[in-house]
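Topology and contacts: notes
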Amino acid sequence: MEKYTIKDMTKMAVMAAIVFILTYTFKIPFADGYTHLGDCAVLIGVMVLGRQKGALSGAVGAALSDLISGYPHWIIPTFIIKFLMAAAMGLVVEKYMPKAKFNFAVGAVVGGILQIIGYTACKIGFYGFAQAMVMTPTLIIQTIAGIVITVVFVTALRTSGILERVKAM
């Protein structure tokens, strides 16, 4: 198990707070729920903090948003799904394609697919198959939006050199 320093825990807490704020505050309503900017923060957290720390901070921030938003039945599924989404991206970036220029985009797509599968499976359990299928297009739109925003931001952060400076802090 990796040991975390005070500096690591501080960075993770800040990233969890960013995920929470972008999930809780910037909601775009849809017919069957809402979409948000939290997914992009979860994925950017992996690029800033690395696979383990980014996955943990993203999962905590997203689950906290469910708690505060009044969706307690989603806290554990959200924690697990966001953790797996971020960890999958981190594996692609750090292990399977570390030298590829757009490894983060491939990782974000892999993580996004896991998110869609995970939330759809949970919705089947909570609401039944038919309702889960009706809700899936909104989830797909949310996931694609999060990936696109992530690609734009990470590309800009990498090109400007800001990503490397933030990682080195």
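Presented here is an overview of the structure given in this document.

What counts as what
Residues numbered from 1 in each chain as written. Predicted model: local features only at pLDDT ≥ 70, side-chain atom pairs only at ≥ 80, totals over all residues. Heavy atoms only, no water. Axes fitted to C-alpha atoms, helices over the stretch in contact; angles between N-to-C directions. Helix = DSSP H or I, 4+ residues; strand = E, 2+ residues; numbered from the N terminus. Parallel < 35°, antiparallel > 145°, perpendicular 65-115°, else oblique. Left-handed = near helix turned anticlockwise from the far one by under 90°. Contact = heavy atoms within 4.5 Å. Patch = residues over 30% accessible without salt bridge, like charges linked within 9 Å, V, L, I, M, F, W, Y side chains within 5 Å. Areas by Shrake-Rupley, 256 points an atom, 1.4 Å probe, with all protein chains shown as cover. Salt bridge = Lys/Arg side-chain N within 4 Å of Asp/Glu carboxyl O. Buried < 20%, exposed > 50% of the residue type's maximum accessible area, 1.4 Å probe, protein only.

On to the packing of helix α2 (residues 38-49) against helix α4 (residues 75-96). At a minimum axis distance of 9 Å, the contact between α2 and α4 shows a crossing angle of 40°. In this view, α2 runs oblique relative to α4, as classed from their interaxial angle. Note that α2 runs across α4; the crossing there is right-handed. Each of Asp39, Val42, Leu43, Val46 and Met47 in α2 lies in contact with α4, whose residues at this interface are Lys82, Met85, Ala86, Met89, Gly90 and Val93.

Now for a nonpolar patch on the surface. Taken together, the side chains of Val60, Ile76, Phe79, Ile80, Leu84, Val106, Val110 and Leu114 present a nonpolar region at the surface, about 640 Å² in accessible area. For the nonpolar patch, the elements supplying multiple residues, two or more each, are α4 and α5 (103-127). Examining the composition of the nonpolar patch, we find that four residues originate from one element, α4, more than from any other. Locating Val60 in the fold gives a position in helix α3 (residues 51-69).

A few words now on the pattern of salt bridges. In total, this model carries three salt bridges according to the counting rule given. Where Lys53 meets Asp8, a salt bridge forms, and the shortest distance between an N and an O atom there is 3.4 Å. In this pair, Lys53 sits in helix α3 while Asp8 sits in helix α1 (residues 6-24), placing the two residues 45 residues apart along the sequence. Here Lys53 matches Asp8 in class, with each residue buried. With its nearest N and O atoms 3.9 Å apart, the salt bridge here joins Lys167 to Glu164. Here Glu164 and Lys167 lie together in helix α7 (residues 162-168), a separation of three residues that amounts to about one turn.

Nothing here speaks to function; it is all geometry.
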